[in-house]
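Chain by chain, the residues:
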Amino acid sequence: MSVAASPEIRDLRRLAYYDSVTGLPNRILFRDRLVQSIERSRRTGLSLAVLFLDLDEFKQVNDTLGHVTGDRVLAEIGQRLLAALRASDTVSRLGGDEFTVLLPDVAAADAAGIARKIIVAVRAPLAMGDPSIQISTSVGIAMYPQDAATPDALLHLADGAMYTVKANGRNDYRFHSPDVQALAVEAVRREQELRLALDKGQFVLHYQPLFDLRTGRVRAVEALLRWNHPRLGLLKPGRFLPLAERSRLIVPLGEWVMTRAFGRARAWREAGDPPVRMAVNVSPQQLEQPHAADRIAALLIETGFPPSLVELEITETTAMADPEKTSETLAELTALGIRIAIDDFGTGYSSLEYLQRFPLATLKMDRSFIRGLTDDPAACTLVSTMIGMARNMKLDVVAEGVETREQFEFLIAGGCDLGQGYLLGRPMPEVPLRAFLQTGRTWVPRCNRSTPPAALAAGAGGPERMLKS
Ligand SMILES: [Mg+2]
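Rules of the game
- Residues numbered from 1 in each chain as written.
- Predicted model: local features only at pLDDT ≥ 70, side-chain atom pairs only at ≥ 80, totals over all residues.
- Helix = DSSP H or I, 4+ residues; strand = E, 2+ residues; numbered from the N terminus.
- Buried ≥ 20, exposed ≤ 12 C-beta atoms within 10 Å, placed from the backbone.
- Contact = placed C-beta atoms within 7 Å.
- Pairing = 2+ DSSP bridges.
- Axes fitted to C-alpha atoms, helices over the stretch in contact; angles between N-to-C directions.
- Domains from an automatic or database assignment.
- pLDDT = per-residue confidence, 0-100.
- Core = buried A, V, L, I, M, F, W, Y, C linked by C-beta atoms within 7 Å.

Draft legend 1. Summary view of the overall build of the chain. If you tally the helices and strands in the chain, you get 18 helices and 16 strands. Expressed as lengths along the three principal axes of its C-alpha atoms, the size of the chain is roughly 90 × 50 × 40 Å. When each of the 469 residues of the chain is scored for burial, the buried share is 37%. For the chain, long-range pairs separated by at least 24 residues make up 66% of all intrachain contacts whose partners lie at least 6 apart in sequence.

Draft legend 2. Focus on the sheet that holds strand β4 (residues 136–144). Strand order in the open sheet made by the five strands is β2-β3-β1-β4-β5, with mixed pairing throughout. Here the strands that pair on one side only, and so sit at the sheet edges, are β2 (90–95) and β5 (173–175). Averaged over all pairs of adjacent strands, the angle between their axes in this sheet comes to 20°, without regard to strand direction. Sheet topology note: the β2/strand β3 (residues 98–103) ladder contains five bridges and is antiparallel. Bridge pairing in β3 places valine 91 opposite valine 101.

Draft legend 3. Region of the structure containing the domain arrangement of the chain. Per the domain assignment, the segments of the chain are domain 1 (7–188) and domain 2 (201–468). With centres defined by C-alpha atoms, the gap from domain 1 to domain 2 works out at 45 Å.

Draft legend 4. Main features of the environment of isoleucine 114. Mapped onto the fold, isoleucine 114 is located in helix α4 (residues 108–123). For the pair isoleucine 114 and arginine 86, spaced 28 residues apart in sequence, the C-alpha separation works out to 9.4 Å. Sequence-distant contacts of isoleucine 114, defined by excluding residues within four places in its chain, comprise Leu85 and Leu103.

Draft legend 5. The arrangement of the confidence of the model for the chain in detail. Taken as a whole, the chain shows an average pLDDT of 87; of its residues, 92% reach a score of 70 or greater. Counted against residues more than four places away or in other chains, residues 447–469, with its pLDDT under 50, gives 34 contacts.

Draft legend 6. Structural view of the environment of tryptophan 443. Here tryptophan 443 shows up in strand β15 (residues 442–443). Separated by 66 residues in the primary sequence, tryptophan 443 and proline 377 place their C-alpha atoms 28 Å from one another.

Draft legend 7. Region of interest: the nonpolar core. Within the largest apolar cluster, 70 residues are counted, with the highest numbers of intra-cluster contacts made by Val221, Ala261, Met278, Val280, Leu312 and Met365. It is helix α8 (residues 250–270) that contributes the most residues to this core, seven residues altogether. Leu102, Val106, Ile135 and Ala158 belong to the second largest nonpolar core, which has 50 residues in total.

Structure, rendered in structure tokens:
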């Protein structure tokens, strides 16, 4: 409908598709958007949520304050709902004190998060009439495709779920399906735990050395995040990063990692430890932040750690999400003296052209290729090719996940610069890492041993048993 419409046509359209009290889409427009969203979900495979809201005790507002004020309250609630939603969402007034919300491309946990946001927004005190009147809302949620496949069925199930909330005390949300409800509640609980974990100081860093494969010297350490969970113990990032990314907690968390890693590395230097480059993983959300490079520069000034000793690791997916913008941000970081590494190389979608345009210093070959050494000929060819390519592009090349002596020997023979993995050194807490760095020892592969060295490295004492002065 891109044809310019006359004012009269615009007015007619407004009457036909919008609610006159709140200015929100009406039932007809909502249903139309729901039909389109279902069609799109069918193609993309992403789920969507339909929320059915009914204001609690709204009749009381109309009865005590009159219909005019009642309508103003409805308009105000409509604005609050709009403010709580994303631009891609649709909120409509069905009639009376009933609203519906369409959330395209969301998982159940996201829908639960938005429902909570809505509940909080509606509960905020009203600026009109009797201040003792507080509105709350009950929200029912149905998911496509889990619960139903048609607009009417989804609305019907969401409506039913809303009535369950009403029957159980109001001012809450509930999914149609008990399974979805349980999963969403669990995800919300984990998100709250994660939010608190940062304040409670439950995150720690471990450090894994990167070795120069020729000299055996430590060239850098990679800071790796761990969550010291009170019930579940030490969790690796795979257990909580997806959640941190979805809830955008990854941004403060990523900044915490940098502050911590740079701060500690500076303290080690001040204590007279040999200087070591600090590698830190950067998430897409962190890089997408406005003025990302300035924020990182500020963290470096704050911690007093020299940019020349910093390497930021980004994945191909991060780099390729918005190559133009990434390219700019990376250039700004490089201008500060920071090195950029492309992490887990070979697993994501990447364009060689862009790889060349990014100001990269290091290419880290993904562990999945190293795992295939030396019995998978395809993996051997790929690794040799990647080493050759990195050298032609004048990049340092790192093998991730080096676990066996055979892999190590293949990499040495192939001209790989650096290695990281259990064979060489596991991720360690700060104290053993510093003890290890202070000795200035080099890694020397054990000769004439049939025992896979990884098994030794896994034992008590960790990498030290693999070391020689
Ligand atoms: Mg990494």
